[in-house]
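Listed here are the chains, written in short residue letters.
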Amino acid sequence: MTEIIELRPNKSLINSSFEKYQFFNEVPIISENKLRNHVYRLEPNHNQESWLEARLFAFHNHLFNNVYDMSCWFIDETSAVWRLDKDGSLNQVYKLHEDTQSSKITYNPSIGFTSNNIVAISDGAEKLHILIGYTGENRKVFLMSPEKSGIIMNIQYIEKSFKIIVTMCTIVANDNQKKYMQLVLLSYGLCVENEITKVYDIDKQILKVQGTVDYAYVEENGNYLHSICQDNIGFESENTQESETKIEQPSVSSQIKIPKYYWSQDEESLIVWIKIPKQHSDKRPKISVNPLELSVTIDNEILIQGECQHRLEENMTTWRHKEDTLQIDLSKCENGLMWSELIKGDTGGECLPNEALAAEIHARLAHLCTDQQSNSAGGDQPCVGFNAEQLEECDLEGKDNFLQRINLLTRATTHLARLGSNNHVLFTYKRNHGQTVCLRYDHDACIWEMDNGNNDAQWNLRHVRSFPGFGYVEASKTNKKFCVSPIDGSYIAIVEHTRHVFLYERPDDGAKSAKQRIVDLDCQASPIMGVVATNEYLIVLSKDKLYRLQIRT
């Protein structure tokens, strides 16, 4: 059963007296490394002209942060993988292949890190390189073939079952040649004796979404996926899934829980859908509705029976039988009272979100949103964070964002939050345990820690800190390419496509102002290709240089 949640910021963390970010001074550049070769960058080809692909290529961060040792990695034009350590030393640690295989590469290479010194590198083509250990003398390399190329969004080591799950994002076309995004979850088992001796395929799960995917994270137990997308995300059809899944363990499909019924609600009524068994398709159902009880039987077989959570209007029930589905329309006694379950204690049904009701609630709260300028007809403000030269006007319209938590065993959405079109993702970063997401909330930026849960009912979402007024700041940066923050949340950096970096320090509790700092890299001819924020440094990657900016002295 899906729990509809609302992300309500902690009022004690909202600074209503804040007025401005005030210019303080420039940030010193303590090191500037000239790269031996240019950073590898792939431009979209003539078959990659959709809005999804333009966005994916334009905002690809070519600098990857390993939170387990705070090193930064990137890949150059010779396919060499470089690592910048905390002490500022830069060393080549691996080489993907001897040539760039430009005809086979579909996406820019990407790197993901997880615990136990495991690194996954997608070469943007058909190979996934899994490195066990970092140093040459201790490192083992396993080459996997995931069938589809993509961008690594998350990698998780499942300690109890000795496996890793690599989450990749890719763009595919349907039968009508309309493109959409897929999240592909690749599970690999590890043969462990005294050390890891083999990596092998376990299975693959594919989810699809019509809009963008801004965030994906698999919990440490490997059973749940978190996602923030521009549309509801769900698994591909069963036929596709079965044909693309390799199974060496007990079938996941045998563990899938198929709901006995679905139900939805608005402020005044409920709708229940029940699938009629084939052997009873020509029989008439018997429906009994009492104020606190609902019973549906057909040919003496019970389909639903039990005590309702709240009271019903027993004389206002209607039903219709179409093909193999029975639809029952029920009226609530108490209008406006939202039910969390249809039958008390019954876990056999699944609640479907009511889109019309959510849209109505969103409309009622529209006065809290602060992006009227971007929604106004003929406004001059382009959509923040997009390259307006690559997008059409229809692409600039706001779409609602959804936060979901999905049980990967049952394929059921356990938690769902509708964020609206304004509360978009500003940045995310991985912690040693769990993930952090920053969302715009009205004119502020609210940082949430998305921790691991233990079951379908438990999911810990905590609002831990805020940057007052940062929603306005971010909306004003029309040339913004990256938005990042360190693990301690002490500042946020906005990095433009070329030259400029803006840093905003988190104000003290109740403070009316905070420090704003500016960096001019003076690299007009060299685009900024990546950035990583740490507690002490901001590391910026251009086409031919690597900068370290001193944040703390």
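Our structure is the block above this text.
The following refers to the structure shown. (Residues numbered from 1 in each chain as written. Predicted model: local features only at pLDDT ≥ 70, side-chain atom pairs only at ≥ 80, totals over all residues. Heavy atoms only, no water.)

### Some words on the overall build of the protein chain
Consideration 1: Regarding its fold elements, the protein chain presents 5 helices and 39 strands.
Consideration 2: Expressed as a percentage of the 553 residues in the protein chain, the buried residues total 52%.
Consideration 3: Within the protein chain, contacts between residues at least 6 apart in sequence are counted, and of these 58% link residues at least 24 apart.
Consideration 4: For the protein chain, the exposed area adds up to about 26,100 Å²; of that, 45% sits on carbon and sulfur atoms. (Helix = DSSP H or I, 4+ residues; strand = E, 2+ residues; numbered from the N terminus. Buried < 20%, exposed > 50% of the residue type's maximum accessible area, 1.4 Å probe, protein only. Contact = heavy atoms within 4.5 Å. Areas by Shrake-Rupley, 256 points an atom, 1.4 Å probe, with all protein chains shown as cover.)

### A short note on the pattern of salt bridges
Consideration 1: The final tally for this structure, using the stated rule, is 21 salt bridges.
Consideration 2: Put simply, Arg431 and Asp451 hold a salt bridge, and the shortest N to O gap is 2.6 Å. Taken as a pair, Arg431 in the loop between strand S29 (425-430) and strand S30 (435-441) and Asp451 in the loop between strand S31 (444-450) and strand S32 (461-467) lie far apart in primary sequence, 20 residues in all. Residues Arg431 and Asp451 agree in their burial class; the two are buried.
Consideration 3: The network of salt bridges with shared partners includes Arg431, Glu449, Asp451 and Arg462. (Salt bridge = Lys/Arg side-chain N within 4 Å of Asp/Glu carboxyl O.)

### Some thoughts on the pairing of strand S36 (residues 513-520)
Consideration 1: With 4 bridges joining them, strand S2 (residues 20-23) and S36 adopt parallel strand pairing. Residue pairing across strands places Lys20 opposite Ser513, the latter belonging to S36. (Pairing = 2+ DSSP bridges.)

### Brief notes about the side chain of His60
Consideration 1: Residue placement: His60 occurs in the loop between helix H1 (51-58) and strand S4 (64-66).
Consideration 2: Within the structure, the side chain of His60 is placed 3.1 Å from the backbone oxygen of Pro109, a separation counted as a polar contact.
Consideration 3: Beyond its immediate sequence surroundings of up to four residues, His60 is in contact with Asn108, Pro109, Ser110, Ile151, Phe482 and Met529. (Polar contact = N/O pair within 3.5 Å; in protein donor to acceptor, adjacent residues only side chain to side chain.)

### As for the sheet that holds strand S14 (residues 179-192)
Consideration 1: Ordered by their spatial adjacency, 5 strands build an open sheet running S12-S13-S14-S15-S18, and the pairing between neighbours is antiparallel. A single partner strand is all that each edge strand has here, and the edge strands are strand S12 (151-158) and strand S18 (234-235).
Consideration 2: Relative to strand S15 (residues 196-209), S14 runs antiparallel, the two being bridged by 12 bridges. Its bridge partner being in S15, Val184 is matched across the sheet by Ile206.
Consideration 3: Across the sheet, H1 is in contact with S12, strand S13 (163-173) and S14; its angle to S14 comes to roughly 55 degrees. (Axes fitted to C-alpha atoms, helices over the stretch in contact; angles between N-to-C directions.)

### Some remarks on unusual backbone geometry
Consideration 1: Phi is positive for Asp299, close to 55 degrees, though the residue is something other than glycine.
Consideration 2: Take Asp299: it is sitting in the loop between strand S22 (293-298) and strand S23 (301-307).
Consideration 3: For Asp299, a relative accessible area of 45% translates into the label partly exposed.
Consideration 4: Here Arg499, not a glycine, exhibits a phi torsion of approximately 75 degrees, which is positive.

### Thoughts on the pairing of strand S34 (residues 491-496)
Consideration 1: Burial within S34 is extensive, with 6 of its 6 residues counted as buried.
Consideration 2: Burial along S34 is two-sided: the face carrying Tyr491, Ala493 and Val495 and the face carrying Ile492, Ile494 and Glu496 are both buried.
Consideration 3: Here strand S33 (residues 480-484) pairs with S34 via 4 bridges, running antiparallel. Bridge pairing in S34 links Val484 to Ala493.
Consideration 4: Inspection of the sheet shows S34 paired to strand S35 (residues 500-505) by 5 bridges, in the antiparallel sense. Each bridged residue has a counterpart across the sheet, and for Ala493 the counterpart in S35 is Leu503.
Consideration 5: Where S34 folds back onto S35 in an antiparallel hairpin, the turn is made up of 3 residues, including Arg499, whose phi is positive at roughly 75 degrees.

### So, the environment of Val540
Consideration 1: Inspection of the secondary structure puts Val540 in strand S38 (residues 537-542).
Consideration 2: Val540 gets classed as buried once you look at its relative accessible area, which sits at 0%.
Consideration 3: Spatially, the C-alpha atom of Val540 lies 6.0 Å from that of Gly530, the residues being 10 residues apart in sequence.
Consideration 4: Residues in contact with Val540, not counting those within four places in the same chain, are Val501, Leu521, Ile528, Gly530, Val531, Lys545, Leu546, Tyr547 and Leu549.

On their own, these measurements won't tell you what the molecule is for.
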